Amino acid sequence: MATKKKGGQQTAAKVAPAKGKLGVMVVGMGAVATTMISGVEAVRRGLAKPIGSLTQMGTIRLGKRTDNNSPLIKDFVPLANLKDLVFTGWDIFDDNVYEAASHAQVLKSETLKQLKPFLQKIKPMPAVFDSYYVKRLHGTNVKKGKNKLDLAEQLRADIRAFKKTVDRVVMIWCASTEIFMKPKAVHQSIEAFEKGLEKSDIAIAPSQIYAYAALMEGVPFVNGAPNLTVDIPALVELSKKNEAPICGKDFKTGQTLMKTVLAPAFKARMLGVHGWFSTNILGNRDGEVLDDPMSFKTKEESKLGSLEYIFQPEMYPDLYKDLYHKIRINYYPPRGDEKEAWDNIDIFGWLGYPMQLKVNFLCRDSILAAPVALDLVLFMDLAKRTPELKSIGIQEWLSFYLKSPQTAKGLYPEHDLFIQSMKLKNTLRHIMGADLITHLGLEYYD
Ligand SMILES: NC(=O)c1ccc[n+]([C@@H]2O[C@H](COP(=O)([O-])OP(=O)(O)OC[C@H]3O[C@@H](n4cnc5c(N)ncnc54)[C@H](O)[C@@H]3O)[C@@H](O)[C@H]2O)c1
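Residues numbered from 1 in each chain as written. Predicted model: local features only at pLDDT ≥ 70, side-chain atom pairs only at ≥ 80, totals over all residues. Heavy atoms only, no water.

1. Some details on the site of the ligand
Close to the ligand lie 31 residues, the nearest being A31, V32, D91, V128 and A175. V32 places a polar main-chain atom, nitrogen or oxygen, 2.8 Å from an oxygen atom of the ligand. In the complex, 98% of the free accessible area of the ligand, which totals 840 Å², lies under the protein chains. Put simply, the parts of the chain that give the shell around the ligand at least two residues each are α1 (31–44), β2 (85–91), β6 (246–251), α11 (285–290) and α14 (365–384). (Near = heavy atom within 4 Å. Polar contact = N/O pair within 3.5 Å; in protein donor to acceptor, adjacent residues only side chain to side chain. Areas by Shrake-Rupley, 256 points an atom, 1.4 Å probe, with all protein chains shown as cover. Helix = DSSP H or I, 4+ residues; strand = E, 2+ residues; numbered from the N terminus.)

Given below as structure tokens:
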């Protein structure tokens, strides 16, 4: 059990300390990955602040409001220190991280030049890739193997070699969105999945080969893309069996972040919604991949889910039964990573009178995604060191960061950002033996 220190501060009796180096194995060293890695190095050197990162800048209230006790999250739970992060990864292009970051054109060249000696040293290992699953890409830095099991073995060998140089490892998928796939028979058990690997079953995508390799090595796996990947019984089972945590999928960054803020507000005030039209233009490589209808379908499904779950139309038919939700993403090269999103929301109020809300978000995709990726890496490493979390498989408390939260079978996902934030912070309080905060607050009026 966690023990209580004087002054209400808690000690991490149950959670193992973050000793030594944390190895971060990144699948896909494109815009998001290189922005995260460059950003961590810039922060380590004191060149910039980790804006957008809850683990680095967020606080957590402990006890009553009158206790005035809100430490930084990183001082409350034993997270890996940024100085202990070591990066490696895979990509189908053999550009080092400096070259890849320059190509991605997210960070200014003067920033990248300051970090060049560090970034140049990180070179991607050959990837497991097949353009059947990502139609718009063709790279040469690719592994060859007699079947998918052999490719998984090669990835496991990469993981084991890296493990020799660090103390703990987390894997994060920052690679492209794969074609839309549904769970098949081969995904239903570990046994069926392994047979499928041997037969190079077409229903097993590269992202699932990486995830399998990570979980087999006891390494937590994060999925930043909307791919099916670990959302299948076989890999959920493997995650539990090998105490290698998994979470949901698809970084929640721009438009969906705003949706999961606005929709709970409408619902909380019982305002109805007739329609929600969301459109985006973006011109980075992600946009190019999403220009393929099969990859777009994967993204569309992930983006569509949030409103349906937040509004619960079956419970509030008068308000949300006829909601028309449409999402468009258009590849528009001049914009690069500087995505623009428009939302037109047709709402209605008292006696059914209609109103409209327009949201125009001029965002920077990878600037929003990088701190999300970093936080997920740090929290998944924490989960792996927490006895109560490491063997439960899905870390639902990390839904906060994801467009498609993953849940136990039969449970609907929580998309409301504020419920997700409360769930995350209460999980941290819980694992550290602190009192949960319910926001009831009657005690102030005794
Ligand atoms: N930026 C955001 O706001 C955001 C939000 C949610 C999800 N995502 C997802 O994150 C992922 C990364 O986005 P990005 O903008 O960095 O894309 P990107 O195209 O810049 O980078 C993806 C990289 O993955 C590589 N890759 C593709 N398949 C691979 C494989 N099998 N193995 C190894 N490498 C592979 C590509 O060569 C490329 O370098 C995408 O799937 C995107 O949909 C991004």
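2. Observations regarding the nonpolar core
Among the nonpolar cores identified, the biggest contains 59 residues, and V26, L85, F379, Y401 and L428 are the most heavily contacted of them. The element that contributes the greatest number of residues to this core is α14, accounting for twelve residues. Core analysis: the second largest hydrophobic core is formed by 49 residues, M25, F193, A203 and I246 among them. (Core = buried A, V, L, I, M, F, W, Y, C linked by side-chain atoms within 4.5 Å. Buried < 20%, exposed > 50% of the residue type's maximum accessible area, 1.4 Å probe, protein only.)

3. Some remarks on the side chain of T55
In this structure, T55 sits in helix α2 (residues 54–57). A polar atom in the side chain of T55 sits 3.1 Å from the side chain of S53. Within the structure, the side chain of T55 is placed 2.6 Å from the side chain of D375, a separation counted as a polar contact. Those residues in contact with T55 that sit more than four places away from it in its chain are K74, L79, D375, L378 and F379. (Contact = heavy atoms within 4.5 Å.)

4. Points about helix α8 (residues 206–216)
A large share of α8 lies buried, amounting to ten of its eleven residues. When we look at burial in α8, the residues that qualify are P206, S207, Q208, I209, Y210, A211, Y212, A213, A214 and L215. Directly after α8, the chain includes G218, whose backbone phi takes a positive value near 70°.

5. Here's the deal with helix α6 (residues 148–163)
Owing to its 3.6 residues per turn, the α-helix brings residues three or four apart onto one side. The terminal C-alpha atoms of α6, which comprises 16 residues, lie 22 Å apart, in line with the 22 Å expected from a rise of 1.5 Å per residue. Turning to α6, its buried residues are K148, L151, A152, L155, R156, D158, I159 and F162. Summarising the axial view, the buried residues of α6 lie within an arc of 155°, below the 170-degree limit, and thus occupy one face. Lining the buried residues of α6 we find β1 (22–27), β2, β3 (125–126), β4 (168–173), α7 (190–198) and α8. The opening residue of α6 is N147, an N-cap whose side-chain oxygen sits 3.1 Å from the backbone nitrogen of L149. (Expected span 1.5 Å × (residues − 1). Arc of directions from axis to C-beta.)

6. A short note on the sheet that holds β6
If you trace the seven strands from one edge of the open sheet to the other, you get β3-β2-β1-β4-β5-β6-β11, paired in mixed fashion. Two strands close off the open sheet at either side, each with one partner strand: β3 and β11 (402–404). Two strands pair when backbone bridges link them, and β2 and β3 are joined in this way by two bridges, in the parallel orientation. In the sheet register, D91 faces β3, and the bridge partner there is P126. (Pairing = 2+ DSSP bridges.)

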